[in-house]
Amino acid sequence: LTIPLLYLKMKGQARQRKFLDQLPNALELLANGLRAGLGINPALEIVAQEIPDPLGTEFSQMVTAMNLGGATIDRALAQLIEHNPSTDLRLFAQALLVNKQVGGNLAEVLDNLDRTIRERFWLQRELQSATAEQWLSTWILALLPVFMAIILIALNPKYMSVMLTTFPGRCILGAALVLQVVGWFMLRAIIHSVVDF
């Protein structure tokens, strides 16, 4: 039961990443459509047609809900965010709703949002590249004691037998294992705090 759930979770995360990667292109296409003189609904239809799954499918469902289901843009955007929760999508929805209420140049707002999202994606990728060495160091530090123990057992079994057969030796190995795991999780948390800003 755990493996199918883990698989579904991984597939969902991959779909969400792809959706967010497609969002800047969708915003650019939407802004271009608005500049060409289209209304918001026809511009959204173009995005739904031109952008592939998953974003295109989600936008297509949103347009269908507005055109055939009679949903307001507020409700359609709320459903879109419910299916794909993300800060970037909430900013997009807020831009549309504010423009609907007070007017203004929506194409320019979408251009600024598109640029901001692209710059943030670029910065995240730069940080991930910069922390790749730290990830490697983390794994090396975590696995080095294990490899050293295996080598010592292979080269001199009597030397390690004291650690494996006596109570104090087992206590020392247990404490070392616990500290190793705690250290690995601490290093992992430090790297995540840098990348997932």
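Residues numbered from 1 in each chain as written. Predicted model: local features only at pLDDT ≥ 70, side-chain atom pairs only at ≥ 80, totals over all residues. Heavy atoms only, no water.

With that settled, consider helix α3 (residues 55–67). Side chains of residues three or four places apart in an α-helix project in the same direction, reflecting 3.6 residues per turn. Given a rise of 1.5 Å per residue, 13 residues ought to cover 18 Å, and the 18 Å separating the end C-alpha atoms of α3 matches this to within 8%. Residues of α3 that are buried: L55, G56, E58, F59, M62, V63, A65 and M66. Buried-residue contacts for α3 involve α1 (2–35), α2 (40–50), α4 (73–83) and α5 (87–102). (Helix = DSSP H or I, 4+ residues; strand = E, 2+ residues; numbered from the N terminus. Expected span 1.5 Å × (residues − 1). Buried < 20%, exposed > 50% of the residue type's maximum accessible area, 1.4 Å probe, protein only. Contact = heavy atoms within 4.5 Å.)

Following the criterion strictly, the structure yields 7 salt bridges and no others. In this structure, D21 and R125 form a salt bridge, with 3.5 Å as the shortest nitrogen-oxygen distance. One end of the pair, D21, is in helix α1; the other, R125, is in helix α6 (residues 106–155), with 104 residues separating them in the sequence. D21 gets classed as partly exposed once you look at its relative accessible area, which sits at 41%. The class for R125 is partly exposed, based on a relative accessible area of 46%. Between R118 and E28 there is a salt bridge, with its nearest N and O atoms 3.1 Å apart. On the criterion of sequence distance, the pair formed by R118 in helix α6 and E28 in helix α1 is long-range, its members being 90 residues apart. The class of R118 is partly exposed, set by a relative accessible area of 33%. A residue is classified by how much of its surface remains accessible, and E28, at 36% relative accessible area, is partly exposed. Residues participating in the shared-partner salt-bridge network are E28, D114 and R118. (Salt bridge = Lys/Arg side-chain N within 4 Å of Asp/Glu carboxyl O.)

Turning our attention to the confidence of the model for the protein chain. On average, residues of the protein chain score 85 in pLDDT, and 97% of them are at 70 or above. Looking at the elements of the protein chain, mean pLDDT is at its lowest for helix α7 (residues 157–165), recorded as 81, and at its highest for α2, recorded as 90. (pLDDT = per-residue confidence, 0-100.)

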